[in-house]
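# Coordinates in review
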Amino acid sequence: MTSHAGDILLSHAGSAPSPSKDYNQILVTKNQVIFRSWKISLRERGKVQPLEVKRAHDAFFKDENLQGEITKAFGQRMLDNVRRLLTSSDDRLTRLSRPILVRILSLVDLNDIRSMSVVSKQFREICKSDDLWKKLFLTHNGRHLTKELSSVAYEIGWKQLFYTNKLQLRLRPLNIIIGFNAVIK
């Protein structure tokens, strides 16, 4: 077996979904896609040879059987990841799960969130999501979530509540000054 350690772009292995107990591996190197499968069956007494399919990147896209085997073994998401990797449109950030992306975006500046919302459809949806704005609201305001606050947020949306609260905080010093001026007059 040839070592591809320096050339490996993606490596994943594991058991196939139930009821199969087959063990599968996929390697994507700089030059080829390698899929290996070991049949594990208690019924078959003879030696079952492992299956190994190697395809150059351009041949991989034409091989529907290999793509089907990868989907069966690892799921559609893995096949999509391999395709993105091979078309050079692989963006590791977009492969992160939604909760992780929400957590990352909750840590950036508000202007950066606005900028991220125009990057892609996925980021636009996350930047508009109540998950993100709820996290931002709780982070920036340091408040515990009450039932009343939660019900208002679900009526008007967490983003609206966040900016309404931010506006009130900015106007508070102005109200104090206006009120102080009215007392002096």
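Our subject is the structure listed above.
This write-up is about the structure you can find in this document. (Residues numbered from 1 in each chain as written. Predicted model: local features only at pLDDT ≥ 70, side-chain atom pairs only at ≥ 80, totals over all residues. Heavy atoms only, no water.)

## Overview of the overall build of the chain
For the chain, the count of helices and strands is nine helices and four strands. Along the chain, from the amino end to the carboxyl end, the secondary structure elements read β-β-β-β-α-α-α-α-α-α-α-α-α. Within the span of the chain, comprising 185 residues, buried residues form 31% of the whole. At a minimum sequence separation of 6, the contacts of the chain that also span at least 24 residues come to 40%. Total accessible area on the chain stands at roughly 12800 Å², and carbon and sulfur atoms take up 54% of it. (Helix = DSSP H or I, 4+ residues; strand = E, 2+ residues; numbered from the N terminus. Buried < 20%, exposed > 50% of the residue type's maximum accessible area, 1.4 Å probe, protein only. Contact = heavy atoms within 4.5 Å. Areas by Shrake-Rupley, 256 points an atom, 1.4 Å probe, with all protein chains shown as cover.)

## Digging into the packing of aromatic side chains
Applying the stated rule across the entire model yields seven aromatic pairs. Arranged with centres 5.6 Å apart and planes meeting at 75°, the rings of Phe 60 and Phe 61 form a pair that is edge-to-face. Seen in terms of ring centroids, Tyr 154 and Trp 158 are 6.2 Å apart; in terms of plane orientation they differ by 85°. Their pairing is edge-to-face. A relative accessible area of 53% means that Tyr 154 is categorised as exposed. Relative accessible area serves as the criterion here: at 1%, Trp 158 is assigned to the buried category. What links up through ring pairs into an aromatic cluster is the set Trp 133, Phe 162 and Tyr 163. (Phe/Tyr/Trp six-rings, centres within 6.5 Å; stacked < 30°, edge-to-face > 60°.)

## Side note on the nonpolar core
Membership of the largest hydrophobic core comes to 17 residues, with the highest contact counts inside it found for Ile 113, Leu 132, Trp 133 and Leu 136. Here this core takes four residues from helix α7 (residues 130-141), the largest share from any one element. In contact with Trp 133, not counting residues within four places along its chain, are Leu 110, Ile 113, Cys 127, Lys 128, Trp 158, Lys 159, Phe 162 and Tyr 163. Core analysis: the next-biggest nonpolar cluster, separate from the first, contains 16 residues, Leu 66, Ala 73, Val 82 and Leu 86 among them. (Core = buried A, V, L, I, M, F, W, Y, C linked by side-chain atoms within 4.5 Å.)

## Describing helix α3 (residues 76-86)
Each turn of an α-helix holds 3.6 residues, which means side chains three or four residues apart point in the same direction. Of all the positions in α3, only Met 78, Leu 79, Asn 81, Val 82, Leu 85 and Leu 86 are classed as buried. Along α3, the residues classed as buried sweep out an arc of 160° about the axis, all on the same side. Among the structural elements, β1 (8-15), β2 (23-29), β3 (32-38), α1 (57-62) and α2 (64-74) are those in contact with the buried residues of α3. (Arc of directions from axis to C-beta.)

## Considering the pattern of salt bridges
Two side chains bearing opposite charge may form a pair once their charged atoms approach each other closely. All told, the structure shown has seven salt bridges when counted by the stated rule. Residue Arg 55 is joined to Asp 63 by a salt bridge in which the shortest nitrogen-to-oxygen separation is 2.7 Å. Under the relative-accessibility criterion, Asp 63 is labelled buried at 13%. For Glu 69, the salt bridge goes to Lys 72, with nearest N and O atoms at 3.6 Å. You can see Glu 69 and its partner Lys 72 sitting in helix α2, three residues apart, about one turn around the helix. For Glu 69, a relative accessible area of 30% translates into the label partly exposed. Ionic contacts of the salt-bridge type, sharing partners, join the residues Arg 36, Glu 52 and Lys 54 into one network. (Salt bridge = Lys/Arg side-chain N within 4 Å of Asp/Glu carboxyl O.)

## Let's talk about the environment of Leu 66
Assignment of secondary structure puts Leu 66 in helix α2. The sequence separation of Leu 66 and Arg 55 amounts to 11 residues, and the corresponding C-alpha distance is 8.9 Å. Other than its neighbours up to four places away in sequence, Leu 66 contacts Phe 35, Val 53, Arg 55 and Phe 60.

## Focus on the side chain of Gln 25
Structurally, Gln 25 can be placed in strand β2. The class of Gln 25 is buried, set by a relative accessible area of 17%. Apart from the residues lying within four places of it in its own chain, the contact partners of Gln 25 are His 12, Ala 13, Ile 34, Phe 35, Arg 36, Trp 38 and Phe 74.

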